[in-house]
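Analysis of the macromolecular model
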Amino acid sequence: IAKERGYLIIGLHIDAEDWQSPGVKTIIDTVLAQRSRGNVVLLHDGGGDRSQTVAALGKLIDTLRAVGDTVVPLSQLIGLTRDQAMPGLPSRNRIARAGELIGWGTLSAVQWLLYWIFFLAIFLGFARLVFMTILAVIQHIKLHQNRDAPITFAPSVSVIVPAYKEEMVITRTIETLIGQEYPGELEVVVVDDGSPDATYEVARAAYGDHPRVRIYRKPNGGKASALNLGLTYAQGEIVICLDADTLFAPNTVAELVEPLHDPAVGAVAGNAKVGNRINLVTRWQAIEYVTSQNLDRRAFSLLNCITVVPGAVGAWRKSLVEKAGGFSEDTLAEDQDLTLSIRRRGFSIAYADEAIGYTEAPDSLSGLAKQRFRWSFGTLQC
């Protein structure tokens, strides 16, 4: 096809192998070693760093002339002028050439831009991880310097458990709550949010007569409305909220309440861990909860900038929650919304790393996607 279009096909005899960047002397020696093979030498002027080729070219010409060779352009070798061998583009091709230059130039600029954007993103991500880790270590050391003293702050506590379709786990959740090692008064308020299954009936059958457990039922209206109903029945000074599929360690309530002895603290974020590590999806989340959420929360605690008390394990001053108007139903992240409301009132948010709640994480990619959409969209709303 090239010959039919009038092109000349020229072979080559000597490959300088300069594309390997072997060094100037090696390039020259490679050409000299192949002089007997022919008279067309291949050098490369594109494709990476060609500084060695440029440095070798003048020395190579001088060396070839010194051994008796005549160096000529390829056009002279085959008896043509340069313009005959490489005619200029016809005028009608100038527009096409300009378009190609613009197109390839734009592509090159985009490639360059993407390269530095990704480089900067990776660098900042790594720098953030190092910074957060250092802060988290400092927070851990400071927090545990005075942990030898026993916990004595024990105001009355109401634990509110909003439940929706949790008949399989609700009794176990209540069991971990009434078994808490907490020296003060503690009550459990369960609010069934119109579950279509037997969540309410199962809870009533197991703990309906328990003196420290109260169980209520309401039409389905969402988690925030269930929490607000529980808030109206709660009698404790401190309100602790957890999801119905979350299990507390025996000392979690005591650890959650302890930072509230400081009147400047309005709420306390607990340490949520993945309890159902049953497949790759939940194991990934278990790592994420440790390396991302809890590591960040430690660092944010040191900087006094925690923005979310997790719904799975968190404690609030009831009086502040009531002043803030309860849990807002305007967003998909009612816990973050309330946290920000409390911060706006001048109170800080503490972190209790020993207040552990084992929560049930989504065990499928579709469930994980729905949860993260709710978290992300709710954060944007807040």
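Scroll up to find the structure this text is about.
Calculation rules
Residues numbered from 1 in each chain as written. Predicted model: local features only at pLDDT ≥ 70, side-chain atom pairs only at ≥ 80, totals over all residues. Heavy atoms only, no water. Axes fitted to C-alpha atoms, helices over the stretch in contact; angles between N-to-C directions. Helix = DSSP H or I, 4+ residues; strand = E, 2+ residues; numbered from the N terminus. Parallel < 35°, antiparallel > 145°, perpendicular 65-115°, else oblique. Left-handed = near helix turned anticlockwise from the far one by under 90°. Contact = heavy atoms within 4.5 Å. Nonpolar A, V, L, I, M, F, W, Y, C, P; charged D, E, K, R; others polar. Buried < 20%, exposed > 50% of the residue type's maximum accessible area, 1.4 Å probe, protein only. Pairing = 2+ DSSP bridges. Core = buried A, V, L, I, M, F, W, Y, C linked by side-chain atoms within 4.5 Å. Phe/Tyr/Trp six-rings, centres within 6.5 Å; stacked < 30°, edge-to-face > 60°. Arc of directions from axis to C-beta. Salt bridge = Lys/Arg side-chain N within 4 Å of Asp/Glu carboxyl O.

1. Concerning the packing of helix 5 (residues 94-144) against helix 10 (residues 280-303)
How two helices pack is summed up by the angle between their axes together with the distance between the axes. Between helix 5 and helix 10, the shortest axis-to-axis distance is 8 Å and the interhelical angle comes to 70°. Viewed along their axes, helix 5 and helix 10 adopt a mutual orientation that is roughly perpendicular. Along this stretch, helix 5 crosses helix 10, giving a crossing that reads as left-handed. Where helix 5 abuts helix 10, its residues Arg 128, Leu 129, Met 132, Thr 133, Leu 135, Ala 136, Ile 138, Gln 139, His 140 and Lys 142 lie against Leu 295, Asp 296, Arg 298, Ala 299, Phe 300, Ser 301, Leu 302 and Leu 303. Here the contact of helix 5 with helix 10 is built from residues that sort into 10 nonpolar, four polar and four charged.

2. Describing the pairing of strand 8 (residues 265-274)
Within strand 8, nine of the 10 residues are buried, leaving the element largely enclosed by the surrounding structure. Two elements, strand 8 and strand 10 (residues 348-359), share eight bridges in a ladder whose sense is parallel. Paired with Val 274 across the bridge in strand 10 is Thr 359. Sheet topology places strand 8 next to strand 9 (residues 314-317); three bridges connect them, and they run antiparallel. Residue pairing across strands places Ala 269 opposite Gly 314, the latter belonging to strand 9.

3. Some details on the nonpolar core
Val 161 and Ile 240 are the most contacted members of the largest nonpolar core, which has 38 residues in total. Counting 19 residues, the second largest nonpolar core, distinct from the first, contains Leu 231, Val 239, Leu 320 and Ile 349.

4. Some thoughts on the side chain of Gln 336
You can see Gln 336 is positioned in helix 12 (residues 334-344). According to the relative accessible area criterion, Gln 336 is buried, its value standing at 8%. Look past the residues within four positions of Gln 336 in its chain and what remains in contact with it is Thr 307, Val 308, Gly 378, Thr 379 and Cys 382.

5. Examining the packing of aromatic side chains
Per the stated rule, a full pass over the model turns up five aromatic pairs. A ring pair is formed by Tyr 216 and Tyr 233, whose centres lie 3.9 Å apart and whose planes are at 10°; its orientation type is stacked. Of this pair, Tyr 216 sits in strand 5 (residues 213-218) while Tyr 233 sits in helix 8 (residues 223-233), placing them 17 residues apart in sequence. On the basis of relative accessible area, Tyr 233 is assigned to the partly exposed category, the value being 33%. With centroids separated by 5.6 Å and ring planes inclined at 10°, the aromatic side chains of Phe 373 and Phe 377 adopt a geometry described as stacked. Of this pair, Phe 373 and Phe 377 are both found in helix 13 (residues 365-381), four residues apart, which corresponds to roughly one turn of the helix. Among the residues examined, Phe 373 registers a relative accessible area of 54% and is labelled exposed.

6. Here's the deal with unusual backbone geometry
Located in the positive-phi region is Lys 165, a residue other than glycine, with phi close to 55°. Relative to the helices and strands, Lys 165 is located in the loop between strand 3 (157-163) and helix 6 (170-178). Classification of Lys 165 by relative accessible area gives partly exposed; the value is 48%.

7. Some thoughts on helix 6
Within helix 6, burial applies to Ile 170, Thr 173, Ile 174, Thr 176, Leu 177 and Ile 178. Of the surrounding secondary structure, the elements contacted by the buried residues of helix 6 are strand 3, strand 4 (186-193), helix 7 (199-207), strand 5 and strand 7 (247-248).

8. So, helix 1 (residues 24-33)
Three or more residues of helix 1 are buried, namely Ile 27, Ile 28, Thr 30 and Val 31. Buried residues of helix 1, seen end-on, are gathered within an arc of 160° and therefore sit on one face of the element. Along helix 1, exposed side chains directed more than 90 degrees from the buried face belong to Lys 25 and Ala 33. In this fold, the buried residues of helix 1 make contact with strand 1 (14-15), strand 2 (41-42) and helix 2 (51-66).

9. Observations concerning the sheet that holds strand 8
Spatially, the eight strands line up as an open sheet ordered 5-4-3-6-9-8-10-7, and their pairing is mixed. Both edges of this open sheet fall to strand 5 and strand 7, since each of them pairs with a single strand only. Relative to strand 10, strand 7 is paired through two bridges, and the arrangement is antiparallel. Considered in strand 10, the bridge of Phe 248 is made with Gly 357. Lying over the sheet, helix 7 contacts strand 3, strand 4 and strand 5, oriented at roughly 160° with respect to strand 5.

10. Quick notes on the pattern of salt bridges
Within the structure shown, the criterion is met by 12 salt bridges. Between Asp 296 and Arg 128 there is a salt bridge, with the nearest N and O atoms lying 3.0 Å from each other. Taken together, the positions of Asp 296 in helix 10 and Arg 128 in helix 5 put the pair 168 residues apart, joining distant regions of the chain. With a relative accessible area of 39%, Arg 128 lands in the partly exposed category. The closest approach of N and O atoms between Asp 243 and Lys 223, which form a salt bridge, is 2.6 Å. Remark: Lys 223 occurs in helix 8 and Asp 243 occurs in the loop between strand 6 (238-241) and strand 7; sequence separation between them is 20 residues. Among the charged side chains, a network of salt bridges with common partners joins Asp 192, Glu 201 and Arg 217.

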